[in-house]
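Residues per chain are reported as follows:
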Amino acid sequence: MTKKNTKISIITVTFNAKEYLENTIKNIISLDYKDIEYIIIDGASTDGTIDIIKKHEKNIDYWLSESDKGIYDAMNKGIDKATGDWIIFMNAGDIFFNHSSINNFLKNVNIDTELYNGAINFIEKNKITYRAPHGLEKVWITVPCWHQASFIKTSLMKKYKYSLEYKIAGDHDFYLKCFVNNKKFQFTNEIIANMIGGGLHKQKAKLAQIESMKIIADYAPNIDLVYASNFYKNFTIKNPAPNNLHFSRSFSIFYTQLERIKNKYSNIVLYGYGTLGKNIEEILKDKIKYIIDKNEEGYTQNKKFISISNLENIRFDIILISVLGREEEIIDNLIKEKVNPKKIIAFEI
């Protein structure tokens, strides 16, 4: 396939963004490159966003408005619908730097590249700041690039998608997953997009830092890389003593609860098999009889894995939730499966 007949899927995810969306749509319509598939995924907006979408419907190849589980669920819905060779996300308020941004990308991208990443103009309070991609040299320190300036092979996005475990830092998880799996990155200092500030990353900065620290811990070959990251430094520098004390107390509380569970129960179902879940299984060993995890297909060698729908067919003392931050959602799902709430245990940290 030549670059001239390369199809680009542009995906905009939005929720109650009437003030910003039309500017993004008009920018995409005005691009010089025309072999574009434009997709909008809206999270059931109620502020008039849908009226803006319908106004420009003839220039939108596919759009959807329905409730979702957050920004990365919406982005995954867009990935599912994409039929282009490359995907780029341009969310409400974000625009391409100039009308030739896609042509410039196609002119410069290497034949073996899977992720092409450029610079952004970061715009906040009428101040414009140029930001080059950090690249792989700082992959364990900060996020290497921004999705508004990343053209990514559609086949790669459909393979990995975004993890719904994260509310803010799912793109960081995606980039690190690509890095540790030796996917081919290409970087340029040329500006690809203008990105407006004030998004989720800023609104929930602490949560973003916590999520990124966990992501680095999941992928890094050495846990010390977490402490060397910008996320850890920025998180602890403002209140170093209280935060360190908080972490110490949290770990103490966690292991006290785990020891109590170990001494009291023998037939345990573990819900969640991420980094924390694997460590819990190592501690509780044979007391973990079954494991439920959304990625159970990846652990076919572990005979403990069962589907949530099979809970009614087995005997167990408790279900222990090892997914921090989603406990309420998981408990609701277990109750829907007719699990006795008294048999569900979540850590109190």
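See the structure above.
Here's what I pulled together on the structure shown here. (Residues numbered from 1 in each chain as written. Predicted model: local features only at pLDDT ≥ 70, side-chain atom pairs only at ≥ 80, totals over all residues. Heavy atoms only, no water.)

1. Focus: the overall build of the chain
Rules: Strands here mean DSSP runs of E at least two residues long; helices mean DSSP runs of H or I at least four residues long; both are numbered from the N terminus. For every residue, the accessible area obtained with a 1.4 Å probe (protein chains only) is divided by the maximum for its type, and the residue is called buried under 20%, exposed over 50%, and partly exposed between those limits. The contact definition used throughout considers only heavy atoms, calling two residues in contact when any of these lie within 4.5 Å. Only the protein chains shown count as cover for residues, with accessible areas throughout obtained via the Shrake-Rupley method and a probe of 1.4 Å.
The helix and strand tally for the chain stands at 13 helices and 13 strands. Among the 349 residues that make up the chain, the fraction classed as buried is 47%. Counted over contacts in the chain with a minimum sequence separation of 6, partners at least 24 positions apart contribute 71%. Only carbon and sulfur atoms are counted for the fraction: they give 50% of the accessible area of the chain, which is about 18400 Å².

2. A closer look at the sheet that holds strand β11 (residues 288–292)
The condition that has to hold: Two strands form a pair only when DSSP identifies at least two bridges running between them. In this description, a line fitted to the C-alpha atoms serves as the axis of each element, helices being fitted only across the stretch in contact, and the angle between N-to-C directions of two axes falls anywhere from 0 to 180 degrees.
A sheet is described by the order of its strands in space; here four strands give the open sequence β11-β10-β12-β13, paired in parallel fashion. Each having just a single partner strand, β11 and β13 (344–346) make up the two edges of the open sheet. Ignoring which end each strand starts from, the neighbouring axes of this sheet average 25° apart. With three bridges joining them, strand β12 (residues 318–321) and β13 adopt parallel strand pairing. Note that in β13 the partner of Leu 320 across the bridge is Ile 345.

3. Description of unusual backbone geometry
In this model, Lys 161 sits at a positive phi of 50°, which is unusual for a non-glycine residue. Structurally, Lys 161 is set in the loop between α5 (154–160) and α6 (170–180). Within the chain, Lys 285 stands out as a residue other than glycine whose phi angle is a positive 50°. As for its placement among the helices and strands, Lys 285 is situated in the loop between α12 (275–284) and β11.

4. Notes on the environment of Asp 35
When you line up the elements, Asp 35 lands in the loop between α1 (18–29) and β2 (36–42). Separated by 29 residues in sequence, Asp 35 and Thr 6 have C-alpha atoms that sit 7.0 Å apart. The contact partners of Asp 35, leaving out residues within four places of it in the chain, are Asn 5, Thr 6, Lys 7 and Ile 8.

5. Notes on the state of the cysteines
Spelled out, the test is: Our working definition of a disulfide is a cysteine sulfur pair at a distance within 2.5 Å.
Under the criterion given, the structure shown has zero disulfides. Between Cys 145, a cysteine without a disulfide, and Cys 178, which holds the nearest cysteine sulfur, the sulfur-to-sulfur distance is 9.0 Å. You can call Cys 145 buried: its relative accessible area is 1%. Owing to a relative accessible area of 0%, Cys 178 belongs among the buried residues under this scheme.

6. Considerations on the nonpolar core
Definition in use: Take the buried Ala, Val, Leu, Ile, Met, Phe, Trp, Tyr and Cys residues and link them wherever side-chain atoms come within 4.5 Å; each set so joined is a nonpolar core.
Phe 89, Leu 115, Met 157, Tyr 162, Phe 174 and Tyr 175 are the most contacted members of the largest nonpolar core, which has 36 residues in total. When contributions to this core are tallied by element, the ones reaching two or more residues are β1 (8–14), β2, α3 (71–81), β4 (86–89), α5, α6, α8 (205–219) and α10 (230–237). In contact with Leu 115, other than residues within four places in its own chain, are Phe 151, Ile 152, Leu 156, Phe 174, Tyr 175, Cys 178, Lys 183, Lys 184, Phe 185 and Gln 186.

7. Some details on the pairing of strand β3 (residues 62–65)
We count it as follows: Handedness of a crossover is defined as follows: with both strands directed away from the viewer, a clockwise route from the first strand across the helix to the second makes it right-handed.
Relative to β3, β2 runs parallel, the two being bridged by four bridges. Residue pairing across strands places Ile 40 opposite Trp 63, the latter belonging to β3. As for the winding sense of the linkage, the β-α-β connection from β2 through helix α2 (residues 49–55) to β3 is right-handed.

8. What about α12?
Quick reminder of the rule: Here the arc refers to the directions that run from the helix axis out to each C-beta atom.
If you check which residues of α12 are buried, you get Gly 277, Ile 280, Glu 281 and Leu 284. Here the buried residues of α12 occupy an arc of 100° about the axis, which is enough to place them on one side. Backbone geometry just after α12 places Lys 285 at a positive phi near 50°.

9. Side note on the packing of aromatic side chains
To keep things clear, this is the line we draw: Centres within 6.5 Å are what make two rings of Phe, Tyr or Trp a pair, Trp counting through its six-membered ring; a difference in plane orientation under 30 degrees is then read as stacked, over 60 as edge-to-face, and the rest as tilted.
This structure, assessed with the given rule, holds eleven aromatic pairs. Taking 5.4 Å as the distance between ring centres and 40° as the angle between the ring planes, the aromatic pair formed by Tyr 72 and Tyr 162 counts as tilted. A residue pair is termed long-range when its members are at least 10 positions apart, and Tyr 72 in helix α3 and Tyr 162 in the loop between α5 and α6 qualify at 90 residues. By relative accessible area, Tyr 162 is classed as buried at 4%.

10. Let's talk about the pattern of salt bridges
Threshold: The term salt bridge refers to a pairing of a side-chain nitrogen on Lys or Arg with a carboxyl oxygen on Asp or Glu at a separation within 4 Å.
Taken as a whole, this structure holds nine salt bridges when the rule is applied. Of the charged contacts in the structure, one is a salt bridge between Lys 304 and Glu 281, with a shortest N-O distance of 3.2 Å. Of the two residues, Lys 304 is situated in the loop between β11 and β12 and Glu 281 in helix α12; the sequence distance between them amounts to 23 residues. The exposure class assigned to Glu 281 is buried, which follows from its relative accessible area of 13%. Note that Arg 326 is salt-bridged to Glu 329, the shortest N-O span being 3.3 Å. Residue Arg 326 is classed as buried on the basis of its relative accessible area, which comes to 17%. A single network of salt bridges, built from pairs that share partners, joins Glu 165, Lys 214 and Asp 218.

11. With respect to the packing of α6 against α8
Each pair of packed helices gets described by two things: the angle between the helix axes and the distance between those axes. Note the following rule: Should an angle lie under 35 degrees it is considered roughly parallel, over 145 roughly antiparallel, and from 65 to 115 roughly perpendicular; all remaining angles are considered oblique. In a left-handed crossing the near helix is turned counterclockwise from the far helix by less than a right angle, and in a right-handed crossing that turn is clockwise.
Packing of α6 against α8 brings their axes to within 10 Å, and their N-to-C directions diverge by 15°. As far as their axial angle goes, α8 and α6 are roughly parallel. Taken as a pair, α6 and α8 cross one another with a handedness that is right-handed. Along its contact with α6, which presents His 172, Asp 173, Leu 176, Lys 177 and Val 180, the element α8 presents Ser 212, Ile 215, Ile 216 and Tyr 219.

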